[in-house]
Amino acid sequence: MTRMFSATPGRLVPGPYRSLFAHRTFRRLLPVFALSDLGDGMTVVAVAWLALALGPDGGQGALAGIAVAAYVLPGALGALILGRWMRRLPARQLLVTDSALRAVLLGAVPLAYVAGLLTPAVYVGLLGTSSLLHAWGKAGKHALFVPLLSNDQSLTANSVLSTSLWSATIAGPALAGLLVGAASPAWIIGLNAATFAVLALQTGRTTLPPSPEPVPVPVTGDAQRGLSILLRQPELLGLLVVTWVFNLAFGPVEVALPLFVADNLHAGAGLLGAYWAAFGIGAVIGSLALSAARRLPLWPAMLGIIAGHGIGMLPFALTHTPLPSVIGFAFAGLIYGPYSALSITLIQAHAPAGSLTTVLAARSAVLLTASPLGAALGGFLLDRTSAPAILIGCGALMIAIVPISAVALKLSGDHRRRQQPLPARAQQGAPPGAGPAPHHSRHFDGAEISHVK
């Protein structure tokens, strides 16, 4: 893996990676992206674990769910109501502004803890306000390199960024699990604030070189316009809906897993970090597998990922030992690994160049509502049922998504064929009354991906 991501060209480095790392700006910014990913990886453990320490007896689960939701959900609100101002900023400034806000507010968590002012309300307020611009910051991050890269490099770049994120999911929780034994989770959140400060500083100092082909970076509309673009793309609309439900089903896991470790396995934050590290190891392997795959059947692949993820959650039924559920969670990560990079690449391929940041922000705004709502629901249920029941229920819901989505896709395809004029069908070689049309393929950023019409 080290050789694969080496910036020095060599025969052992695949061609797409050599071409990608030939860009000086990409090489310069990737380390600070990885650092901030590591900080967020640590908060996977720290946010929920600190909420469990602050929550009242009998209400720890509810506070954990609210805290996890607060760290994400306001980003959706920011994407929807701040478009009038944020749309005028270039991608770099979007990323710098979001990173600076997170650095300041997350940095206030350990300060309030030392001063004895970190009540549940203050904690949730700081987490929520810190995430207000995160949809725009995430959009700016993915749009930042568009002027630098050719179309056939986009999938590789997305794969590298996704791999960085999942690599941090390995190291971040494991590191947080070790640190919790020596310091309060509040200080781990403070370390995450420091990584965002570094990201803001380095990105602000970086000057993007002129693009050989002018690709507008400033946002040309607000998040609602981006959503309207998504709604006009049948493939992207279907993917958005399925992904939203998938994320909703995963949301309770982030709240139930800490209590599963503490109450059912009678272990500490170190084991919680090991669970997330196992998930991250699987996700990194899955993300790397995407870059090697040149032909992927879109909908079968997406639904297969969701079903496989659900199957990986079922071993949480065994509570006498952590080994089966750790293996299952690692399998869930392995299956999920390619999902994010493939989805982002499809967005980049379909969105108008001048509206790319807007579309990405709108997509993030929609998806950001799913997992936090699931987490809040999971926290509510945790005070009324057991953590294993919630974890298994999440897996069962993911599995149930697959047949429901398959039926919906079949009905949608039949409806679209009935609405299609007969001459157009004849041109496709489909006589009136014929069955489903064959799969077609399109090229998305150098990767040929089949999709169901």
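Cut-off values and rules
Residues numbered from 1 in each chain as written. Predicted model: local features only at pLDDT ≥ 70, side-chain atom pairs only at ≥ 80, totals over all residues. Heavy atoms only, no water. Helix = DSSP H or I, 4+ residues; strand = E, 2+ residues; numbered from the N terminus. Buried < 20%, exposed > 50% of the residue type's maximum accessible area, 1.4 Å probe, protein only. Contact = heavy atoms within 4.5 Å. pLDDT = per-residue confidence, 0-100. Axes fitted to C-alpha atoms, helices over the stretch in contact; angles between N-to-C directions. Left-handed = near helix turned anticlockwise from the far one by under 90°. Nonpolar A, V, L, I, M, F, W, Y, C, P; charged D, E, K, R; others polar. Salt bridge = Lys/Arg side-chain N within 4 Å of Asp/Glu carboxyl O.

> Quick one: what's the story with the overall build of the chain, residue by residue and with numbers?
Of the regular secondary structure elements, the chain holds 20 helices and three strands. Sorting the 453 residues of the chain into buried and exposed places 52% on the buried side. In the chain, of all internal contacts separated by at least 6 residues, the share reaching a separation of at least 24 is 83%.

> Could you give me a rundown of the confidence of the model for the chain, with the residues and numbers involved?
A residue-level look at the chain finds 76% of positions with pLDDT of 70 or above and a mean pLDDT of 78. Confidence, read as mean pLDDT per element, is least for strand β3 (residues 447-451) in the chain (30) and greatest for helix α7 (residues 120-130) (95). Note that pLDDT drops below 50 for residues 1-10; the model gives that stretch 19 contacts with residues more than four away or on any other chain. Long-range and interchain partners of residues 210-221, a stretch whose pLDDT sits below 50, account for 29 contacts in this model, where long-range means more than four residues apart.

> I'd love a proper account of the environment of Gly226, names of residues and values included.
Positionally, Gly226 belongs in helix α11 (residues 223-231). The exposure class assigned to Gly226 is buried, which follows from its relative accessible area of 0%. Considering only alpha carbons, one finds Gly226 and Val359, 133 residues apart in sequence, at a separation of 4.1 Å. Setting aside anything within four residues of it in sequence, one finds Gly226 in contact with Thr358, Val359 and Ala362.

> Could you give an account of helix α3 (residues 60-70), naming the residues involved and the relevant values?
Of all eleven residues in α3, eight are buried, a share of seventy percent or more. Those residues of α3 that sit buried are Gly61, Leu63, Ala64, Gly65, Ala67, Val68, Ala69 and Ala70.

> Break down the environment of Leu227 for me, with residues and values.
Inspection of the secondary structure puts Leu227 in helix α11. Classification of Leu227 as partly exposed rests on a relative accessible area of 28%. Considering only alpha carbons, one finds Leu227 and Ala362, 135 residues apart in sequence, at a separation of 5.4 Å. Among all residues touching Leu227, those that are not within four sequence positions of it are Leu240, Ala362 and Val366.

> Tell me about the packing of helix α2 (residues 24-54) against α3, residues and numbers included.
Between α2 and α3, the least distance of the axes is 8 Å, while the angle of their chain directions is 140°. Between α2 and α3 the crossing geometry is right-handed. Together, Val47, Ala48, Ala51, Leu52 and Leu54 of α2 and Gln60, Leu63, Ala64, Ala67 and Val68 of α3 make up the contact between the two elements. For the contact of α2 with α3, a count of residues per class yields nine nonpolar, one polar and no charged.

> I'd like a description of the pattern of salt bridges, backed by residues and values.
Proximity of charged atoms lets side chains of opposite charge pair with each other. The full count for this structure, using the stated rule, is two salt bridges. Lys141 serves as the salt-bridge partner of Asp37, at 3.5 Å between the closest nitrogen and oxygen. In this pair, Asp37 is assigned in helix α2 and Lys141 in helix α8 (residues 134-143), connecting sequence segments 104 residues apart. Taking the relative accessible area as the measure of exposure, Asp37 reaches 6% and is therefore buried. A salt bridge links Asp40 to Arg102; its shortest N-O distance comes to 3.8 Å.

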